[in-house]
Amino acid sequence: MEGPVFSKYSWIDFAFSVVGVCTFLVDWGSDVWVATEFYCRGDFLWFAVLVGLMVLSSVVVQMFSWFWFKYDRELPGFNASHSGGGTVLFGDRVKIFCLLHVLQLGFLFRHISAIRQGFRVWWRKAEGSEYAVYLTHDLSMLRLIETFCESAPQLTLMIYVMLRTNKARTVQFVSIAASTTSMAWMVVDYHRSLRSFLPDKAKQGWSSSLIYFLWNLLLIAPRVATLALFSSVLPGYIAVHFLLLWPVFVLWVWRQKTEFMDSAGGEWLYRATIGLIWYFSWFNVAEGQTRARSLIYHAFITTDAGLLLVTWWNYRDPIQTESYALALIIALPLTYLLGLLFKSLYYCCFHPKLWRPPVRDPGLPDDLPDAQVSVRDMSVQDGTPFSQLLNKRMACHASLFYLEQRVVRKTDDTNRAESSHL
């Protein structure tokens, strides 16, 4: 009996790629609009901060994209043509692709390449579906990185500006809406990309997607609002706050011995980026004890948010904030608590693995726990071996999200037992 296979590249995958590049362009356009407004109004500090966030986000994303391009060129058959002409990601034209990354256009051209490859596969029924899926997986991770490197900090800045000036302009509302939309789309797209690595699991339904979206939104939004409130009363200390927490988060990532990238330099870039993501939201990066680490993180962030809110309450202008201060001091903690409840609800009732029994590997008993089903012997469509074209970066994250700790322990115990017999 053959192992399960990945589903074919569909029009939904193509639509996600098109919407993804549109969201990227709209978000980038709104950033330029806001930066221009700040500059024309003489708000050079806010202009510099916004441009700095844009540049930082772009540089980080381009670095990840370039690292992955170098890794992928070494994969067996990755540059082989499966689509009847040309190769994915400009093939061996390394200098051209390097120049695009230097010009901060590598991420955009990854989008274009994914749309081009997806169109060939879906519309023209050409081969090479595995490459189209491979590219969309990388784009989902890059969008995640961009969101937390730019959209989340930018959203904090926009709320801060509104609080400091006690008024809101149209451009600010547009920027907040664009950033929020980008974050929401990233959550759904990234979760959907992870799910595609588990064909032996039940398909994700709309209710599961909605709950997943809600608990992320309800946890991230109050965190961003709390940081903005704190910065509105002590603007000089928000950088100090970040520089105190970020190294702690990076150290914690390092202690978990992550192996996401294929080089030492790339791995430290990844750890530094995860430290930035953790400043806004939880993101699992290692096997084992996931629940314990999540509880520690949320307890720490809850304590930190409480201190930030108390500081804002004591230093705020009572007259200027009279209309919304009491509502915020009550609503933000309750919103975060509601997000934790939705997260618990998701894992208790809406997690896709609970919906129906997965497909079992040959020879395994029917009552095998869902988390113990093997995902190592799968193959991709078009007859290509799974081991050659598997996007190991995203597959690694998928295993962290959907395989339980007892699988890791069982595998380790098995390996040790086999070694003892040698």
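Residues numbered from 1 in each chain as written. Predicted model: local features only at pLDDT ≥ 70, side-chain atom pairs only at ≥ 80, totals over all residues. Heavy atoms only, no water.

Trainee: It is not clear to me how helix α11 (residues 325-350) should be interpreted in this structure. Could you clarify?
Mentor: Because each turn of an α-helix spans 3.6 residues, side chains separated by three or four positions end up pointing in the same direction. In this model α11 runs 35 Å from its N-terminal to its C-terminal C-alpha over 26 residues, within 8% of the 38 Å that 1.5 Å per residue would give. Of the residues making up α11, those classed as buried are A325, L332, Y336, G339, K343 and Y346. (Helix = DSSP H or I, 4+ residues; strand = E, 2+ residues; numbered from the N terminus. Expected span 1.5 Å × (residues − 1). Buried < 20%, exposed > 50% of the residue type's maximum accessible area, 1.4 Å probe, protein only.)

Trainee: Looking at this model, I keep getting lost on the nonpolar core. Mind explaining?
Mentor: Among soluble globular proteins, nonpolar side chains are generally buried collectively. By size, the foremost hydrophobic cluster in this structure holds 79 residues, and its most contacted members are F64, W68, M141, Y270, W278 and F283. Among the elements that take part in this core, helix α5 (residues 129-165) stands out by supplying 15 residues, more than any other. What F64 contacts, discounting residues up to four positions off in sequence, is L142, I145, M261, L269, Y270 and T273. (Core = buried A, V, L, I, M, F, W, Y, C linked by side-chain atoms within 4.5 Å. Contact = heavy atoms within 4.5 Å.)

Trainee: Can you help me understand the side chain of R143 in this one?
Mentor: On the secondary structure map, R143 appears in helix α5. Residue R143 is classed as buried on the basis of its relative accessible area of 8%. Those residues within four positions of R143 in sequence are excluded, and the remaining contacts are G20, F107, H111, M186 and D189.

Trainee: What exactly am I supposed to notice about the side chain of D304 here?
Mentor: With respect to the element layout, D304 can be found in helix α10 (residues 290-315). Within the local environment of D304, its side chain forms a polar contact with the side chain of H241, the two groups lying 2.8 Å apart. Sequence-distant contacts of D304, that is, excluding residues within four places in its chain, are made with R223, H241 and L245. (Polar contact = N/O pair within 3.5 Å; in protein donor to acceptor, adjacent residues only side chain to side chain.)

Trainee: For this particular structure, what's the right way to read the packing of helix α1 (residues 11-40) against helix α2 (residues 44-73)?
Mentor: Two numbers describe a pair of packed helices, the interaxial angle and the distance between the axes. Look at α1 against α2: their axes get within 8 Å of each other, and the N-to-C directions meet at 155 degrees. Between α1 and α2, the interaxial angle falls into the category roughly antiparallel. Crossing geometry of α1 relative to α2 is assigned as left-handed. Of the residues in α2, those touching α1 at W28, D31, V32, V34, A35, F38 and Y39 are F44, W46, F47, L50, V51 and M54. (Axes fitted to C-alpha atoms, helices over the stretch in contact; angles between N-to-C directions. Parallel < 35°, antiparallel > 145°, perpendicular 65-115°, else oblique. Left-handed = near helix turned anticlockwise from the far one by under 90°.)

Trainee: Just checking my understanding: could you explain unusual backbone geometry for this structure?
Mentor: Leaving glycine aside, a negative phi is the common case for residues, and trans is the common case for peptide bonds. Of note, the phi angle at Q104 is positive, near 65 degrees, even though the residue is not glycine. Structurally, Q104 can be placed in the loop between α3 (94-102) and α4 (106-122). On the accessibility criterion, Q104 (31% relative accessible area) is partly exposed. One non-glycine residue with positive phi stands out, namely K257, at about 55 degrees.

Trainee: Explain the pattern of salt bridges here, please?
Mentor: A side chain with one charge may pair with a side chain of the opposite charge, provided their charged atoms come close. Summed over the entire model, instances satisfying the criterion amount to four salt bridges. In this structure, D304 and R223 form a salt bridge, with 2.7 Å as the shortest nitrogen-oxygen distance. Separated by 81 residues along the polypeptide, D304 in helix α10 and R223 in helix α7 (residues 206-233) bring together distant segments of the chain. Where E267 meets R271, a salt bridge forms, and the shortest distance between an N and an O atom there is 4.0 Å. Here E267 pairs with R271, and both are found in helix α9 (residues 264-278), just four residues apart, close to one helical turn. (Salt bridge = Lys/Arg side-chain N within 4 Å of Asp/Glu carboxyl O.)

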